[in-house]
Amino acid sequence: MMADEPFEIFLVATPGLEGPLCAEARALGFKAKTVPGGVSIKGGWPDVWRANLDIRGATRVVARIDTFRAQHLSQLDKRARQVDWAKVLRRNRPFRVEATCKHSKIYHSGAAAERIERAIAEELGANASEDAEVCIKARIENDICTVSVDTSGELLHKRGHKQAVAKAPMRETMAAMFLRQCGFDGTQPVLDPMCGSGTFVIEAAEIASDLKPGRARHFAFEQLATFDPVAWEKLRSSQTTIIPTARFYGSDRDAGAVRMSRANAERAGVSAITEFKECSVEDVTAPEGPPGIVIVNPPYGDRIGDKPRMRTLYRTLGHTLLARFSGWRIGLITNDASLAHATGLPFSLTAEPVLHGGLRITLYRTAALP
Ligand SMILES: C[S@@+](CC[C@H](N)C(=O)[O-])C[C@H]1O[C@@H](n2cnc3c(N)ncnc32)[C@H](O)[C@@H]1O
């Protein structure tokens, strides 16, 4: 990586959500293309900061440092020592190295990581530490080693203002991409009748208000030698917000979930445009005003014996929406096609399955209900 030359910035996607992530990056002005596992953009360090601050759908943002051939550990060691580490890392900040090996003569990822770690420690004089926030990632594939630095640190779905989390919460990164796939552009009302900790509702309210997803958190790039605190502060404080006309609604039969949603919305700064109430799904009604988008991920019912109860729950959800949500479009996320169909909703659009936490989940969508 040369000082001022653009380099590759890789946006890691949730598997199956590369497409909407690429569309989001383009809409934010990045020249983005989809590649296996994510989205690639080219740029400099201010682009890295902006990607972390503005992009809702990336799991993390990784900056490429160097690429070289390494067929054995001594070659890896030699090349790793030639990398200009001082340009990226600070001598006084601890770091760690993670390595993966695929189709390569070097097959022991632990040994590869150790070699690189030692090379950095000796060449730069920085200390390796298992719990360091700064993480160098080495991917060795077909004997080519690609060295990158993770610029995000904690995963990006942690927006920094959610303390209360319900059971099986949806990740904010995924919620934002599912909303995008439902055609949400910030102008339509959104309602989640099984809102848990309120992820969809809060994410939609933030999008509508043009609030930057990374506005309230810390990033690993703040520890790097390339960090410019003045330029970063200017970028972060360039936040302009919109007062949306639409409102965002969540309900759940669990009083604790409703309390959590309210607290999370308060911390995110969107409580004035969100409404949460305790309500069972069969009692949900459409709010007054123009129709919008219902987005929901009901329980999946993974325990044995749950299925009949789940089928009844999904059927009730479908009947309620068909009876009371004329003109609204529905997005439903589940891991079981038979449960989606038990709703009786006229799904015509299905997105690519998404892999998350060992599950294969799918977004089922309808056009405006009759
Ligand atoms: C998978 S969680 C949703 C998680 C949520 N999207 C989030 O990000 O936190 C399913 C939610 O459905 C709620 N629920 C289950 N049965 C319900 C019913 N009959 N009426 C309303 N909510 C129900 C549960 O309390 C739970 O919060």
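Scroll up for the structure.
Residues numbered from 1 in each chain as written. Predicted model: local features only at pLDDT ≥ 70, side-chain atom pairs only at ≥ 80, totals over all residues. Heavy atoms only, no water.

Draft legend 1. Inspection of the overall build of the chain at higher detail. Across its full length, the chain carries 10 helices and 15 strands. Radius of gyration (C-alpha) of the chain: 23 Å, near the 21 Å computed for a compact globule of 370 residues. Once the C-alpha set of the chain is aligned to its principal axes, its extents read approximately 70 × 45 × 35 Å. Relative to its 370 residues, the chain shows a buried fraction of 52%. Here the contacts in the chain between residues at least 6 apart in sequence split such that 77% fall between residues at least 24 apart. If you sum the accessible surface of the chain, you get close to 16,800 Å²; carbon and sulfur atoms cover 50% of it. On the chain, the mean spot of the 49 positive side-chain charges and the mean spot of the 43 negative ones are 3 Å from each other. (Helix = DSSP H or I, 4+ residues; strand = E, 2+ residues; numbered from the N terminus. Rg over C-alpha atoms; globule rule 2.2 N^0.38 Å. Buried < 20%, exposed > 50% of the residue type's maximum accessible area, 1.4 Å probe, protein only. Contact = heavy atoms within 4.5 Å. Areas by Shrake-Rupley, 256 points an atom, 1.4 Å probe, with all protein chains shown as cover. Lys, Arg positive; Asp, Glu negative; His and termini not counted. Charge placed at Lys NZ, Arg CZ, Asp CG, Glu CD.)

Draft legend 2. Representation of the site of the ligand. Taken together, 18 residues form the shell around the ligand, and within it S197, T199, D252, V281 and N297 come nearest. Within the contact set of the ligand, an oxygen atom lies 2.6 Å away from a side-chain nitrogen or oxygen of T199. Note that an oxygen atom of the ligand is positioned 2.6 Å from one of the side-chain N or O atoms of D252. Taken by itself the ligand offers 610 Å² of open surface, and the protein chains cover 91% of this. Here the residues of the shell around the ligand sort into 10 nonpolar, five polar and three charged. (Near = heavy atom within 4 Å. Polar contact = N/O pair within 3.5 Å; in protein donor to acceptor, adjacent residues only side chain to side chain. Nonpolar A, V, L, I, M, F, W, Y, C, P; charged D, E, K, R; others polar.)

Draft legend 3. Summary view of the packing of aromatic side chains. A full pass over the atoms with the stated rule returns 10 aromatic pairs. Measuring from centroid to centroid gives 6.3 Å for W49 and F221, while their planes differ by 35°, and the two rings are tilted. With a gap of 172 residues between them, W49 in helix α2 (residues 45-54) and F221 in the loop between α6 (199-209) and α7 (229-236) connect regions that are remote in the sequence. With respect to burial, W49 and F221 carry one shared label: buried. Among the aromatic side chains, those forming a connected cluster through ring pairs are W49, F219, F221, F227 and W232. Looking at R50, its charged tip hangs above the ring of F30, at a distance of 4.1 Å from the centre. A cation over an aromatic ring shows up here: R64 above the ring of F10, its NZ or CZ 5.3 Å from the ring centre. (Phe/Tyr/Trp six-rings, centres within 6.5 Å; stacked < 30°, edge-to-face > 60°. Lys NZ or Arg CZ within 6 Å of the ring centre and 35° of its normal.)

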